[in-house]
Amino acid sequence: MVVIAVTGKGGTGKTVVSALLIHFLSRNHNLLAVDADPDSNLPEALGVKPRKTLGEIREVFQVSRDEMGTMNKEQWLEGKIYAEAITEADNFDLLVMGRPEGEGCYCFANSLLRGVLRKLMRHYDVIIIDTEAGLEHFSRGTISGADYIIVVTDMSKKGLSTAKRIKELSSELKLNFKQIFLVGNRIMNGMGEDIIKEFADEEGIELLDVLPYDEEIVKLDIKGEPIVLMDENSDYAERVKKIATRLVGDGNGKNEH
Ligand SMILES: Nc1ncnc2c1ncn2[C@@H]1O[C@H](COP(=O)(O)OP(=O)(O)OP(=O)(O)O)[C@@H](O)[C@H]1O
Ligand SMILES: [Mg+2]
């Protein structure tokens, strides 16, 4: 199992990159897509209509757990997630986290949920987590189980300083990840590309690619169409495919689950 978390400053293209990675990797792998952004838009990018969010399931659980009596609460939660929250798309499954964990008396539900999620994740070969902008997911533990962290940046100074903080936080928190990668995105006429390369060198972060500004992405955006409809032979799509292969390999046959 490989868990990949896609992080970075707001609006840098995390969801675009996540959606395309999901689209290409789901052809050869049993894949779970996780939308961990409370302002969820991964389902639209994938052209999938989501079912209930994990937050909604947790709320029902909070209300009804006293009435469950001797019923195994973990099994109940797991069953509920499969029955109501996992969306089965043609080639992959999707889980939308929804509302972030509230303060107060959610601890029981949350720790149970984490256990169930860990178990559930084992059914997949590849898990791609599209996170919310910034650093909030570090305190929520959303990416604590990630093997690879991808930081998406544009050419802005702000994008790179968020990348730097993500790198620092991931080592401060001693997350058990294997590697952190950088992806430049929405780069116009190569502007700022050298700065991104320099930054990657200085920080010792492997730069996967510096992806261009792409008009087709803008056109799909204007029409409100899923990003996965983009021409898969375009330069942009081909480069994302290469990133996918670099991270996970080609895959050797997909088992049904
Ligand atoms: N390479 C690109 N060329 C042109 N437009 C792009 C490119 N990448 C992303 N975009 C556009 O930029 C906007 C932001 O992209 P996206 O939603 O993927 O960013 P994000 O990092 O997920 O944002 P958020 O932080 O809000 O979740 C979208 O309108 C998207 O279509
Ligand atoms: Mg996003």
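Here the structure is shown first, and the text comes after it.
In this text, all values refer to a predicted model and were calculated from it rather than measured experimentally. (Residues numbered from 1 in each chain as written. Chains lettered and ligands numbered in written order. Predicted model: local features only at pLDDT ≥ 70, side-chain atom pairs only at ≥ 80, totals over all residues. Heavy atoms only, no water.)

## Quick notes on the overall build of the protein chain
How we decide: Helix and strand assignments follow DSSP, with helices taken as H or I runs no shorter than four residues and strands as E runs no shorter than two, numbered in order from the N terminus. Buried residues are those whose accessible area, probed at 1.4 Å on protein chains only, stays under 20% of the maximum for their type, while exposed residues exceed 50% and partly exposed ones sit between those limits. Contacts are assigned to residue pairs that have any heavy atoms within 4.5 Å of one another. The method behind every accessible area is Shrake-Rupley, applied with a 1.4 Å probe, and residues are considered shielded solely by the protein chains displayed.
From N to C terminus, the protein chain includes 10 helices and eight strands. Looking at the protein chain as a whole, 50% of its 257 residues are labelled buried. In the protein chain, 80% of the contacts between residues at least 6 apart in sequence involve partners at least 24 apart. Accessible surface, the protein chain as shown: approximately 12,600 Å² in total, 48% of it carbon and sulfur.

## Brief notes about the site of ligand 1
Let me state the cut-off plainly: For this description, a residue counts as near a given molecule or strand if any of its non-hydrogen atoms is within 4 Å of it. In the analysis that follows, any N or O atom pair within 3.5 Å is treated as a polar contact, provided that within protein one partner can donate a hydrogen and the other can accept it, and provided that, for residues neighboring in sequence, both atoms belong to side chains. Polarity classes work like this: nonpolar for Ala, Val, Leu, Ile, Met, Phe, Trp, Tyr, Cys and Pro, charged for Asp, Glu, Lys and Arg, and polar for all others, with Gly in that last group.
As a matter of local geometry, ligand 1 sits amid 19 residues, with K14, T15, R186, D214 and D221 nearest to it. T12 has a polar backbone atom sitting 3.1 Å from an oxygen atom of ligand 1. Separating an oxygen atom of ligand 1 from a side-chain N or O atom of D221 is a distance of 2.3 Å. Protein chains shield 82% of the accessible area of ligand 1, which is 630 Å² for the free molecule. Elements represented by at least two residues in the shell around ligand 1 include exactly α1 (14-25), β7 (179-187) and α9 (215-223). Split by residue class, the shell around ligand 1 holds seven nonpolar, six polar and six charged.

## Re the nonpolar core
This is how it is decided: By nonpolar core is meant a set of buried Ala, Val, Leu, Ile, Met, Phe, Trp, Tyr and Cys residues that side-chain atoms within 4.5 Å join together.
Within the largest apolar cluster, 42 residues are counted, with the highest numbers of intra-cluster contacts made by L46, F92, I128, I227, Y236 and L247. In terms of residue count, α1 provides more of this core than any other element does, eight residues in total. In this structure, I127, I129, I143 and L175 belong to the second largest nonpolar core, which totals 40 residues.

## Quick look at the sheet that holds strand β3 (residues 87-88)
Rule in force here: If DSSP finds at least two bridges between two strands, the strands pair.
In spatial order, the strands read β3-β4-β2-β5-β1-β6-β7-β8; together these eight strands make up an open sheet with mixed pairing. Each having just a single partner strand, β3 and β8 (206-212) make up the two edges of the open sheet. Alignment of strand β1 (residues 2-8) against strand β5 (residues 126-131), held across five bridges, turns out to be parallel. Opposite V6, over in β5, you have D130 as the bridge partner.

## As for the pairing of β7
So the rule is basically this: Crossover handedness is defined here as right-handed if the route from the first strand over the helix to the second strand goes clockwise, with the strands pointing away from the viewer.
Burial within β7 is extensive, with seven of its nine residues counted as buried. In the sheet, strand β6 (residues 148-153) pairs with β7 via six bridges, with the strands oriented parallel. Bridged to V152 within β7 is V183. The parallel pair β6 and β7, bridged by helix α7 (residues 157-172), forms a crossover whose chirality is right-handed. When β7 meets β8, the two strands line up parallel, connected through five bridges. The partner of L182 across the bridge, within β8, is L207.

## Focus: the pairing of β1
Of all seven residues that make up β1, seven are buried, and the element is covered over most of its length. Residue alternation in β1 divides its side chains into two sets, V2, I4, V6 and G8 and V3, A5 and T7, and both sets are buried. Looking at chain direction, β1 and β6 are connected through five bridges and run parallel. By the bridge assignment for β6, G8 is matched with V152.

## Side note on unusual backbone geometry
With a phi close to 50°, K174 is a non-glycine residue in the positive phi region. Its location among the elements puts K174 in the loop between α7 and β7. Of note, the phi angle at N189 is positive, near 50°, even though the residue is not glycine. Along the chain, N189 turns up in the loop between β7 and α8 (193-203). Looking at N189, the relative accessible area reads 78%, which means it is exposed.

## Structural notes on the packing of α7 against α8
As a reminder of what qualifies: Angles run from 0 to 180 degrees between N-to-C directions of axes, and those axes are lines fitted to C-alpha atoms, restricted for helices to the stretch in contact. The cut-offs work like this: below 35 degrees is roughly parallel, past 145 is roughly antiparallel, 65 to 115 is roughly perpendicular, and the gaps in between are oblique. Crossing handedness follows the turn of the near helix against the far one: under a right angle anticlockwise gives a left-handed crossing, and clockwise gives a right-handed one.
With their axes 11 Å apart at the nearest point, α7 and α8 run at an angle of 15° to one another. Taken together, the axis directions place α7 and α8 in an arrangement best described as roughly parallel. By crossing handedness, the relation of α7 to α8 is classed as right-handed. Where α7 abuts α8, its residues L160, A163, K164 and K167 lie against I195, I196, F199 and E203.

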